[in-house]
Amino acid sequence: MSEAVPDYQLYWGDIHNHNRFVCGQGSLERSYEIAASHLDFYALTPHAQYCDGHAPDGYELVKQNWTGIQKTAAEYNRPGQFTTFLAYEWHSHQWGHYCVYYEDDHQPLHLAMTLERLQDYIRNHQRAIMVPHHIAYHNGID
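Predicted model only: the values in this text are computed from it and were never measured.

**Student:** Honestly, the packing of aromatic side chains in this entry has me stumped. Any pointers?
**Tutor:** Any aromatic ring pair is given by two values, namely how distant the centres are and how the planes are angled relative to each other. Counted according to the given criterion, the structure contains 6 aromatic pairs. Here the aromatic rings of Tyr32 and Tyr76 are separated by 5.2 Å at their centres, their planes lie at 25 degrees, and the arrangement is stacked. Of this pair, Tyr32 sits in helix H1 (residues 28-38) while Tyr76 is found in helix H2 (residues 60-76), placing the two residues 44 residues apart along the sequence. Looking at Tyr32, the relative accessible area reads 1%, which means it is buried. Chaining the aromatic ring pairs together yields one cluster made of Tyr32, Tyr42 and Tyr76.

Here it is as structure tokens:
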């Protein structure tokens, strides 16, 4: 007897997107409205920190607006219709760039001075994952 092949569903999303909080344009609301108009899932990933670059204490614009970023991600999250993830991007010359994605809304913006500290935080304190920005970035550091 042959086993039935499960049905698969194709989902479309963007998990690395920027707006005026990084190097792009547009408000939080507009970013989510555009994504919700044609995607199944979405994560805005503002540049949160450049630990060994020009923002070791974090980018002020993101730090000052983190509560609003959390709130907007939660407001647009409609399970089964449009899924959003609270996220941010962490940068380093030495270790590369990583995106952090939280499973739950209203999580902290965690700033870490080393990759090891960021990894420890994600492993031990949050239901989250980190993903390299993209491979072969900055001579393959990521």
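**Student:** Looking at this structure, how should I read the nonpolar core?
**Tutor:** Within soluble globular proteins, side chains that are nonpolar generally end up buried alongside one another. One finds Tyr32, Tyr42, Trp66, Phe82, Tyr88, Trp90 and Tyr102 to be the most contacted residues of the largest nonpolar core, which totals 28 residues. Breaking this core down by element, the ones donating at least two residues are H1, strand E2 (41-44), H2, strand E5 (87-91), strand E6 (98-102) and helix H3 (115-125). At 5 residues, the largest contribution of residues to this core is made by H2. Among all residues touching Trp90, those that are not within four sequence positions of it are Gln49, Cys51, Trp95, Gly96, His97, Tyr98, Ala112, Thr114, Leu115 and Leu118.

**Student:** Is there a simple way to think about the confidence of the model for the protein in this case?
**Tutor:** On average, residues of the protein score 88 in pLDDT, and 89% of them are at 70 or above. Per-element mean pLDDT across the protein ranges from 91 in strand E7 (residues 128-132) up to 97 in strand E4 (residues 83-84).

**Student:** Looking at this structure, how should I read the sheet that holds E7?
**Tutor:** Picture the strands of a sheet paired through backbone hydrogen bonds; they go either parallel or antiparallel. Spatial ordering of the open sheet is given by E3-E5-E6-E7, a layout of 4 strands whose pairing is mixed. Only two strands of the sheet have a single neighbouring strand rather than two, namely strand E3 (47-50) and E7. For this sheet, the mean inter-axis angle between neighbouring strands, taken without regard to orientation, is 25 degrees. Two elements, E5 and E6, share 4 bridges in a ladder whose sense is antiparallel. Its bridge partner lying in E6, Ala87 is registered against Tyr101. Of the strands in this sheet, E5, E6 and E7 touch H3, which is tilted by about 145 degrees from E7.

**Student:** Any chance you could explain H2 here in plain terms?
**Tutor:** Think of an α-helix as 3.6 residues a turn; residues three or four steps apart then line up on the same face. Taking 1.5 Å of rise per residue, the 17 residues of H2 would be expected to cover 24 Å, and the 24 Å separating its terminal C-alpha atoms lies within 8% of that figure. The sharpest bend along H2 comes to roughly 60 degrees, located at Trp66. Of all the residues in H2, the buried ones are Val62, Trp66, Ile69, Gln70, Thr72, Ala73 and Tyr76.

**Student:** When you look at the pairing of E6 in this model, what are you seeing that I'm missing?
**Tutor:** Within a regular strand, side chains alternate between the sheet's two faces. Counting buried residues along E6, 5 of its 5 residues qualify, which places the element largely inside the surrounding structure. The alternating pattern of E6 places Tyr98, Val100 and Tyr102 on one face and Cys99 and Tyr101 on the opposite face, and all of these are buried. Connecting the antiparallel pair E5 and E6 is a turn made up of 6 residues, with Gly96 showing a positive phi of about 95 degrees. Relative to E7, E6 runs antiparallel, the two sharing 5 bridges. Within the sheet, the bridge partner assigned to Tyr101 lies in E7 and is Ile129.

So, how was this worked out
- Residues numbered from 1 in each chain as written.
- Predicted model: local features only at pLDDT ≥ 70, side-chain atom pairs only at ≥ 80, totals over all residues.
- Heavy atoms only, no water.
- Phe/Tyr/Trp six-rings, centres within 6.5 Å; stacked < 30°, edge-to-face > 60°.
- Helix = DSSP H or I, 4+ residues; strand = E, 2+ residues; numbered from the N terminus.
- Buried < 20%, exposed > 50% of the residue type's maximum accessible area, 1.4 Å probe, protein only.
- Core = buried A, V, L, I, M, F, W, Y, C linked by side-chain atoms within 4.5 Å.
- Contact = heavy atoms within 4.5 Å.
- pLDDT = per-residue confidence, 0-100.
- Pairing = 2+ DSSP bridges.
- Axes fitted to C-alpha atoms, helices over the stretch in contact; angles between N-to-C directions.
- Expected span 1.5 Å × (residues − 1).
- Bend = angle between axes of the 7 residues up to and from the residue.

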